[in-house]
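Breakdown of the fold
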Amino acid sequence: MFVTLEGPEGAGKSTLARALASRLEASGVEVVVTREPGAGTFGAGVRRLLLEGEAMTPWAEVFLFLADRANHVATLVRPALERGAWVICDRHADSTVVYQGYARGLDIGELRRLNRLATGGLVPDKTLLLDLPVEIGLARVQDANRLDAESVDFHQRVRDGFLTEATLEPSRWVVIDADQTADAVAEAAWSSLA
Ligand code: TYD
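Not measured: the values here are computed from a predicted model.

1. Brief notes about the packing of aromatic side chains
What the rule picks out here adds up to four aromatic pairs. Taking the centre distance of 6.2 Å and the plane angle of 40° together, the rings of Trp 59 and Phe 63 count as tilted. Of the two residues, Trp 59 and Phe 63 both sit in helix H3 (residues 58–82), four residues apart, roughly one turn of that helix. Using a relative accessible area of 47% as the deciding quantity, one classes Phe 63 as partly exposed. Ring centres of Tyr 99 and Phe 154 lie 6.1 Å apart, and the angle between their planes is 50°; this geometry places the pair in the tilted category. Linking Tyr 99 in helix H4 (residues 93–103) with Phe 154 in helix H7 (residues 152–168), this pair joins segments that are 55 residues apart in sequence. The residues Tyr 99 and Phe 154 share a single accessibility class, namely buried.

Laid out in C-alpha cells, this is it:
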C-alpha cells in the first residue's frame, strides 16, 4: 500500500507518519516511512538546493522536485511496494500540482504530465490531506525554509488547492481535520485506512 500525506505547512504530517508506522508495525507489516524532497543522499542534496539554496525560476524549482521524485520512486518506493511493504510518504506528486500549480501559477496540466513521467505512472492508493487554517499552520512552523517564507496568500492558495484536488478524486483522498491533538489526528487517519 502506498499512502501519501499532504497538506499545508505545520499540519503535522511527520508526526502522523510516525504514529501510523508504529501502529502498522505492531500489526506485523513492514513499513517504510519516507518523504519528498529529501530521501537518501541524492534527495538530501536536492532538498538543500530547493529549501536552503538561492532563489530560482519557477520551472527550475519544478524540475528539482521532479528529479528528487523520479529517483525516489525508482530506487526506494517501487522496490518497497514490490516486496509487499507499506510506504508512507510525507508529500509526493500532489504537492507539485498544488504548490507549483495552484499557488505559484504554473500550468496544472503540464505539471500533471510531468508528474506522470517522474513517477512512471505510480499513483498513491490513499492520500491523507491534513487540513488546517493557514494562520494556525504557519504559527507552528519552526526554522522557516524558502517556501515557508512565501506570503500568507500563497499559503491560502495551497490550502484551497489541496481541498480542490481532494474533491476531484474523492476515492483516493481523505480529508482530516488537523486542528486537533496529534492523537485525534492519528485516530482519524487510522480509521480511514482500516
Ligand atoms: P518541508 O520542510 O518538508 O515542509 P513540510 O514539513 O511542510 O512538508 O519542506 C518541503 C517544502 O517543499 C514545503 O514547503 C512544500 C514544498 N514542496 C513543493 O513546493 N513542491 C513539491 O513538489 C514538494 C514535494 C514540496
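2. Some words on the site of the ligand
Contacts to the ligand come from 15 residues, most closely from Glu 9, Lys 13, Arg 91, Thr 96 and Gln 100. The contact in question runs from an oxygen atom of the ligand to an N or O atom on the side chain of Thr 96, over 2.5 Å. Within the contact set of the ligand, a nitrogen atom lies 2.8 Å away from a side-chain nitrogen or oxygen of Gln 100. For the ligand, whose accessible area on its own is 540 Å², the fraction buried by protein is 88%. Taken together, the elements giving at least two residues each to the shell around the ligand come down to helix H2 (40–52), H3 and H4. For the shell around the ligand, the element with the highest residue contribution is H4, accounting for four residues.

The rules behind these values
- Residues numbered from 1 in each chain as written.
- Predicted model: local features only at pLDDT ≥ 70, side-chain atom pairs only at ≥ 80, totals over all residues.
- Heavy atoms only, no water.
- Phe/Tyr/Trp six-rings, centres within 6.5 Å; stacked < 30°, edge-to-face > 60°.
- Helix = DSSP H or I, 4+ residues; strand = E, 2+ residues; numbered from the N terminus.
- Buried < 20%, exposed > 50% of the residue type's maximum accessible area, 1.4 Å probe, protein only.
- Near = heavy atom within 4 Å.
- Polar contact = N/O pair within 3.5 Å; in protein donor to acceptor, adjacent residues only side chain to side chain.
- Areas by Shrake-Rupley, 256 points an atom, 1.4 Å probe, with all protein chains shown as cover.

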